[in-house]
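A look at the structure
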Amino acid sequence: MNIWILNTLLIATQILSSTPDKKLAYLDPGSGSFIFQMIIATLVGAAFVIKVYWKRIIGFFQKIFSRQPKDKQE
Amino acid sequence: MTTHNHLKQAASFRDPNGFIFSREETIYRQVNIAYQGNFDFLIESGLYNQLVKEGLLIPHRETNAPPLDPENSYKILIPEKIEFISYPYEWSFNQLKDAALTTLSIQKKALEFGMSLKDSSGYNIQFHHGRPILIDTLSFEIYPEGKPWVSYRQFCQHFLAPLSLMAYQDIRLGNLLKSFIDGIPLDLTSRMLPFRSRLAPSLLIHIHLHASGQKRYAGEKLDTTQRFNKTSLLGLIDSLETGIKQLKWSVNKTGWSNYYQDEQSYTAEGLAHKQQLVSEFISQVKPGIVWDLGANTGLFSRLASESGAFTLAFDFDPAVVDRNYQEVVSRKETHLLPLLQDLTNPSPAIGWQNRERDSLKDRANADLVMALALIHHLIIGNNVPLESLVGFFQTLSKWLIIEFVPKSDPQVRRLLVAREDIFESYTQDEFERRFQEQFIIHRSEPIRDSSRRLYFMEIRS
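Residues numbered from 1 in each chain as written. Chains lettered and ligands numbered in written order. Predicted model: local features only at pLDDT ≥ 70, side-chain atom pairs only at ≥ 80, totals over all residues. Heavy atoms only, no water.

1. As for the overall build of chain B
- Along chain B, the regular secondary structure elements total 16 helices and 16 strands.
- If one aligns the C-alpha atoms of chain B with their principal axes, the spans along those axes are about 75 × 55 × 40 Å.
- Scored against the burial criterion, the 461 residues of chain B give a buried share of 55%.
- Restricting to contacts in chain B with at least 6 residues of sequence separation, those with at least 24 account for 72%. (Helix = DSSP H or I, 4+ residues; strand = E, 2+ residues; numbered from the N terminus. Buried < 20%, exposed > 50% of the residue type's maximum accessible area, 1.4 Å probe, protein only. Contact = heavy atoms within 4.5 Å.)

Written as structure tokens, this is what we have:
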């Protein structure tokens, strides 16, 4: 979760501090959304990888601990 | 739904890949040559079969029926029939939430098979056999490797924005979907959400920063060399899914709703008698489709749906509609669809030329309408004249089960506490006289232990 918050803050700073090159009278939110996705790509990708691995680690330990009582019985 | 012979449905006018049309009561989908590659991939990759198997996509069969636009036609499909087309602004919180999660599940499945959703509009989801399902078979494209999700903004506007506003601010904000047909703009959503919503990572990113990002980068040149890899896309979907799952709306917190308020107006024997009468009337009509207006949590709607009729349970209270929906889900009911509807201001026709989304009246398809413990709310609560009410029911269906609640009833007395009694003609005699002008009253039964009366009527031909 910490990496989420840190990354989010970095992105927030980037978005809020950058100044657009030009001002348009009508702003199409579609192209903005596209570029925004490019900016958050690393964040969401990294968070996803961490989540998947974290689940695997938890799953590994759960497997070990759930096996123990059975082993003792044997 | 209103359909005219050989009519191309207005709602699909934007899509160059195909369209829906109707011919003699049958709904067809024309797939255009422009979509041939994607359509073949959908079928040949196994994605279509998998989605249909999981109940996520509407099944169809191919037909030799003549196309409506032969020049562009690749294939003609007959999709499985949807009993009633409903819209996101008619769904309760959990209906919209389930529709959102269904859209994301479909997108994840599509990516497994090398495709991606190019359209994630809420209107592409319908409730079919009790569960949300994608009805637009032409929503998929072969996954464009390295490109961001083309319908990310649409998903946020159609689902995340209304759900977050409903959960964080007020359940009634779902009504904004009626004004914004392509979903609630993110800058508006961001301004309306409370500050604490920024503490939820998904909302901070997909609503607040997304809205700022849209403004900052609008009109900027796209860097076509930059790639958006598949892990990022999966991460984006996962993050949206987590965000949606975390949004909750609790009835108790809001003070909405008086469950079974009207049912409390009866003794146990009176309620059983009313149920017995309603069941009796339903079995005489053997309706295919029933509309229960003012259905509350669906006690009487279930008499119809359990008899085999596809039943729409309308109510204006988002809490009772949501509770009813959750019951449908937990009981795995397939014939009952709870929907939000304020009869004093029913869903209008909206969109391009007012033809993209039909009004409630345009979708009238019931064989039987039930109006139980309802008319006092319309006549006394909303000053609707009796003759106007008769006209309203006349447009809805052939058969009518309607309850008359007299002025002496405690619920009516409660309505009259804060308003002047200008309803002199609100009497049983006048009610019968007015309705008899347009309907034949087959049965009129007093409900036991109550001053109320149940009528079974048929429209005069």
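2. A look at helix H8 (residues 230–246) of chain B
All names here are of chain B.
- End to end, H8 covers 24 Å across 17 residues, agreeing with the expected 24 Å (1.5 Å per residue, within 8%).
- Looking at H8, one finds that the buried residues are Ser 232, Leu 233, Gly 235, Leu 236, Ile 237, Asp 238, Ser 239, Leu 240, Glu 241, Gly 243 and Ile 244.
- For H8, the N-terminal cap is Asn 229; the gap from its side-chain oxygen to the backbone nitrogen of Thr 231 is 3.2 Å. (Expected span 1.5 Å × (residues − 1). Polar contact = N/O pair within 3.5 Å; in protein donor to acceptor, adjacent residues only side chain to side chain.)

3. Some points on the packing of helix H4 (residues 152–168) of chain B against helix H7 (residues 201–217) of chain B
Residues and elements named next belong to chain B.
- The geometry of H4 relative to H7 is characterised by a closest axis approach of 11 Å and an angle of 125 degrees between their N-to-C directions. Of the possible angle classes, the one that applies to H4 and H7 is oblique. By crossing handedness, the relation of H4 to H7 is classed as left-handed. When H4 is examined against H7, the residues Tyr 152, Arg 153, Cys 156, Leu 160, Ala 161, Ser 164 and Tyr 168 are found in contact with a partner set consisting of Ser 202, Leu 203, His 206, Ile 207, His 210 and Gln 214. (Axes fitted to C-alpha atoms, helices over the stretch in contact; angles between N-to-C directions. Parallel < 35°, antiparallel > 145°, perpendicular 65-115°, else oblique. Left-handed = near helix turned anticlockwise from the far one by under 90°.)

4. Let's talk about the confidence of the model for chain B
Residues and elements named next belong to chain B.
- Scored by pLDDT, chain B has a mean of 93; 96% of the residues are at 70 or more.
- The low-confidence segment residues 1–5 (pLDDT under 50) makes 14 contacts with residues lying over four places distant or belonging to another chain.
- Predicted complex metrics record ipTM = 0.81 and pTM = 0.91. (pLDDT = per-residue confidence, 0-100.)

5. A closer look at the sheet that holds strand E10 (residues 289–293) of chain B
Residue and element names in this part refer to chain B.
- Strand order in the open sheet formed by 7 strands is E12-E11-E10-E13-E14-E16-E15, with mixed pairing between adjacent strands. In this open sheet, the two strands that pair with only one neighbour each are strand E12 (336–340) and strand E15 (439–446). Looking at each pair of strands side by side, their axes are set apart by 20 degrees on average, direction ignored.
- Both strand E11 (residues 310–315) and E12 contribute to a ladder of 5 bridges, which runs parallel. Paired with Asp 315 across the two strands is Leu 340, which belongs to E12.
- Its contacts with the sheet put helix H14 (residues 386–394) on E10, strand E13 (368–371), strand E14 (399–404), E15 and strand E16 (453–459), and the angle it makes with E15 is roughly 110 degrees. (Pairing = 2+ DSSP bridges.)

6. What about the pairing of strand E8 (residues 131–134) of chain B?
Residues and elements named next belong to chain B.
- Here strand E7 (residues 125–128) runs beside E8; their pairing, made up of 4 bridges, is antiparallel. Following the sheet pairing, Ile 125 is matched in E8 by Leu 134.
- Taking the residues between adjacent antiparallel strands as the criterion, E7 and E8 are bridged by 2 residues, where His 129 takes a positive phi near 50 degrees.

7. Considerations on the domain arrangement of chain B
All names here are of chain B.
- For chain B, the assigned domains read domain 1 (7–79), domain 2 (88–246) and domain 3 (259–459).
- Listed as interface residues are 6 residues of domain 1 and, on the opposing side, 4 residues of domain 3.
- At the junction of domain 1 with domain 3, the criterion picks out 0 salt bridges.
- Remark: the boundary between domain 1 and domain 3 carries 0 residue pairs in polar contact (both at pLDDT 80 or more).
- Classifying every residue of the side of domain 1 that touches domain 3 by side-chain character gives 4 nonpolar, no polar and 2 charged. (Domains from an automatic or database assignment. Salt bridge = Lys/Arg side-chain N within 4 Å of Asp/Glu carboxyl O. Nonpolar A, V, L, I, M, F, W, Y, C, P; charged D, E, K, R; others polar.)

8. Some details on the pattern of salt bridges
Residue and element names in this part refer to chain B.
- Under the criterion given, the structure shown has 25 salt bridges over all chains.
- A salt bridge links Arg 434 to Glu 430; its shortest N-O distance comes to 3.4 Å. One end of the pair is Arg 434 and the other is Glu 430, both in helix H16 (residues 428–438) and 4 residues apart, which spans about a single turn.
- Arg 433 is the salt-bridge partner of Glu 437, the closest N and O atoms lying 3.5 Å from each other. One end of the pair, Glu 437, and the other, Arg 433, are both in helix H16, 4 residues apart, so they sit about a helical turn from each other.

9. Some remarks on the nonpolar core
- Counting 119 residues, the largest nonpolar core has B:Phe140, B:Trp149, B:Trp291, B:Phe393, B:Ile402 and B:Phe435 as the members making the most contacts within it.
- With sequence-adjacent residues up to four places away left out, B:Trp149 is seen in contact with A:Gln37, B:Leu104, B:Gln107, B:Ser116, B:Leu117, B:Ser120, B:Phe155, B:Phe228, B:Leu233, B:Leu236, B:Ile237 and B:Leu240.
- Counting residues in each nonpolar core, the second largest holds 19 residues, with B:Tyr266, B:Leu271, B:Phe281 and B:Phe300 among its members. (Core = buried A, V, L, I, M, F, W, Y, C linked by side-chain atoms within 4.5 Å.)

10. A few points about the environment of B:Lys118
Residues and elements named next belong to chain B.
- Residue position: Lys 118 is located in the loop between strand E6 (115–117) and E7.
- A residue is classified by how much of its surface remains accessible, and Lys 118, at 23% relative accessible area, is partly exposed.
- Considered as a pair, Lys 118 and Ser 151 are 33 residues apart in the sequence and their alpha carbons are 5.6 Å apart.
- Once residues lying within four places of it in the same chain are set aside, the contact partners of Lys 118 are Asp 15, Asn 17, Tyr 35, Leu 138, Ser 139, Phe 140, Glu 141, Val 150 and Ser 151.
- In this structure the side chain of Lys 118 is engaged in a polar contact, spanning 2.9 Å, whose partner is the backbone oxygen of Leu 138.

11. Let's talk about the pairing of E14(B)
Residue and element names in this part refer to chain B.
- E14 sits mainly inside the fold: 6 of its 6 residues count as buried.
- Side chains Trp 399, Ile 401 and Glu 403 of E14 all project onto a buried face; the interleaved residues Leu 400, Ile 402 and Phe 404 project onto the opposite face, where all are buried too.
- Judged from the 4 bridges that link them, E13 and E14 form a sheet pairing that is parallel. Its bridge partner lying in E14, Leu 368 is registered against Trp 399.
- In this structure, E14 lies alongside E16, joined through 6 bridges in antiparallel fashion. Bridged to Ile 401 within E16 is Phe 456.

12. Details of helix H1 (residues 36–44) of chain B
All names here are of chain B.
- The complete set of buried residues in H1 reads Asn 38, Phe 39, Asp 40 and Leu 42.
- Taken together, the buried residues of H1 touch strand E3 (26–32), helix H2 (47–53), strand E4 (60–63), strand E5 (73–79), E6 and strand E9 (140–142).
- Remark: Gly 46 follows H1 within two positions and exhibits a positive phi of approximately 95 degrees.

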